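An overview of the molecular structure
Residue strings, one per chain:
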Amino acid sequence: MRLFFLFIIGVYGGAHVYSFVKARQALGFGWAAGIALAVFMLLMVASVFLVRILERNEFELTARTLAYAAYLWMAVLFLFFCGSLVLDIVNLVLRVPGWLGASSFPRLIPPRFSFALSLAVSSLICIYGYFDAQNIRTERLVIETDRLPAGMDHLTIAQISDVHLGLIIRCDRLVGILEKVKAAKPDIFISTGDLVDAQINHLSGLRELLQDISAKYGKFAITGNHEYYAGIETAVEFTKQAGFTMLRGEAKDIGPIVIAGVDDRTAVQVHEAKPVSDREALAGTDRSKKFVLFLKHQPHPDPDAIGMYDLMLSGHTHKGQIWPFYYLAKRAHPLIAGKYDVGKGSIVYTNRGTGTWGPPIRFLSHPEVTVIEIVRKK
């Protein structure tokens, strides 16, 4: 949490300072307007913390309203920052001929035009992204195996990940997600972490919606980093009451396959017990006899455990959620989205995320429910 605080003050605060300067250059406003804008920006930086304080003190409606305003502003600001920075670099390149002594060189992009263009593009992306975040896609993955039980030709698994139930993701969004799950008629229903967000005080009605989903061989879940931010005991209890079996460093034989899962590594950062390693969680499994499904929130396969499972399901990355943050997420998580063959017969699939964290916006990173078909190899 200390790193998160430093990020908000340093990076987010710095983006506000840069944007304030760009607005001043473009609009040339006086001291009164400057003070008003500065106060608004300070409120937006502080709102990341104010939302938590309000929600904890039972001011749910105020907290939700502020969360929507603050997180939408966050998206607009960062996209504006990226656009303005690109145009500043273009202006820098256009100045080079003059620095080299050329008698003529291209005209620079005027500050007012640069400001208006960046603001317009960022606003349009956010409007599109708000509606796209609610347009859940169904992604299908087919895995062949010769280790399904006799008489069973296929097994259907539905995966959700990073739903972030809380102040912003509520019943209306969850209903849309679960409609996709029900349509798949899964034999197994999986949540690969971050089912809840840090704001978890008021989740009335959401538990019941999840309880309504049935699966022949069960519903299974693991912890993500946000389960720890929300309070691990409360988050785990909510998930269990929603009908999921928690896999916390263990494997279960459920008949047609074996399924194993581990806690998220955030447990170490928040001084909880050290999670069981991938290899320890899979120690009792035998791929030569049954298909092994492994659940791990962050898509970082342990080299020592590769070959012990057939398929690892992960999430966490959101595929950056809002482009161009894809490139930052890709550096931190190389297996950022989709299917990866990691060797020794093991495959990793990273879900792009079913909900949103922070801004209720997705751009060039569609939300997904993953439907995995385990089929008998012909």
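Refer to the structure above for everything that follows.
What counts and what doesn't
- Residues numbered from 1 in each chain as written.
- Predicted model: local features only at pLDDT ≥ 70, side-chain atom pairs only at ≥ 80, totals over all residues.
- Heavy atoms only, no water.
- Helix = DSSP H or I, 4+ residues; strand = E, 2+ residues; numbered from the N terminus.
- Contact = heavy atoms within 4.5 Å.
- Phe/Tyr/Trp six-rings, centres within 6.5 Å; stacked < 30°, edge-to-face > 60°.
- Buried < 20%, exposed > 50% of the residue type's maximum accessible area, 1.4 Å probe, protein only.
- Lys NZ or Arg CZ within 6 Å of the ring centre and 35° of its normal.
- Pairing = 2+ DSSP bridges.
- Axes fitted to C-alpha atoms, helices over the stretch in contact; angles between N-to-C directions.
- Expected span 1.5 Å × (residues − 1).
- Arc of directions from axis to C-beta.

What about the environment of Gly 34?
Mapped onto the secondary structure, Gly 34 falls in helix 2 (residues 31–56). Between the alpha carbons of Gly 34 and Ile 257 there is a distance of 63 Å; along the sequence they are 223 residues apart. Apart from residues lying up to four places away in sequence, Gly 34 is in contact with Phe 20 and Phe 29.

Quick look at the packing of aromatic side chains
The way to describe two aromatic rings as a pair is by their centre distance and the angle between their planes. Under the defined criterion, the tally for this structure stands at twelve aromatic pairs. Judged by centre distance (5.4 Å) and plane angle (85°), the rings of Tyr 130 and Phe 131 are edge-to-face. Look at Tyr 130 and you get partly exposed, because its relative accessible area is 27%. With 5.3 Å between their ring centres and 45° between their planes, Phe 189 and Phe 244 make a pair best called tilted. Here Phe 189, found in strand 3 (residues 188–191), pairs with Phe 244, found in the loop between helix 8 (232–241) and strand 5 (245–246); they are 55 residues apart in sequence, far enough to count as distant. Phe 244 shares its class with Phe 189; the two are buried. An aromatic cluster is built from Tyr 12, Phe 78 and Phe 325, whose rings are joined through pairwise contacts. In this structure, Arg 24 packs its charged tip against the face of Phe 29, placed 5.7 Å from the ring centre. Residue placement shows Lys 219 over the ring face of Phe 244; its charged tip is 5.3 Å from the ring centre.

Let's talk about the sheet that holds strand 10 (residues 338–343)
Across the sheet, six strands lie side by side as 6-7-8-9-11-10; this open sheet has mixed pairing. The sheet is open, and its two edges are formed by strand 6 (250–253) and strand 10, each paired on a single side. Averaged over all neighbouring strand pairs, the angle between strand axes comes to 20°, with direction disregarded.

Observations concerning helix 5 (residues 171–184)
Compared with the 20 Å implied by 1.5 Å per residue over 14 residues, the 20 Å span of helix 5 between its first and last C-alpha is a close match. Of the positions making up helix 5, those classed as buried are Arg 173, Leu 174, Ile 177, Leu 178, Val 181 and Ala 184. Along the axis of helix 5, the buried positions cluster into a sector of 120°, meaning they face one direction only. Among the exposed residues of helix 5, those oriented more than 90 degrees off its buried face are Asp 172, Glu 179 and Ala 183. Residues of helix 5 that are buried in the fold lie against strand 2 (154–160), strand 3, helix 6 (206–211) and strand 12 (368–376). Once helix 5 ends, the next one or two residues include Lys 185, with phi positive near 50°.

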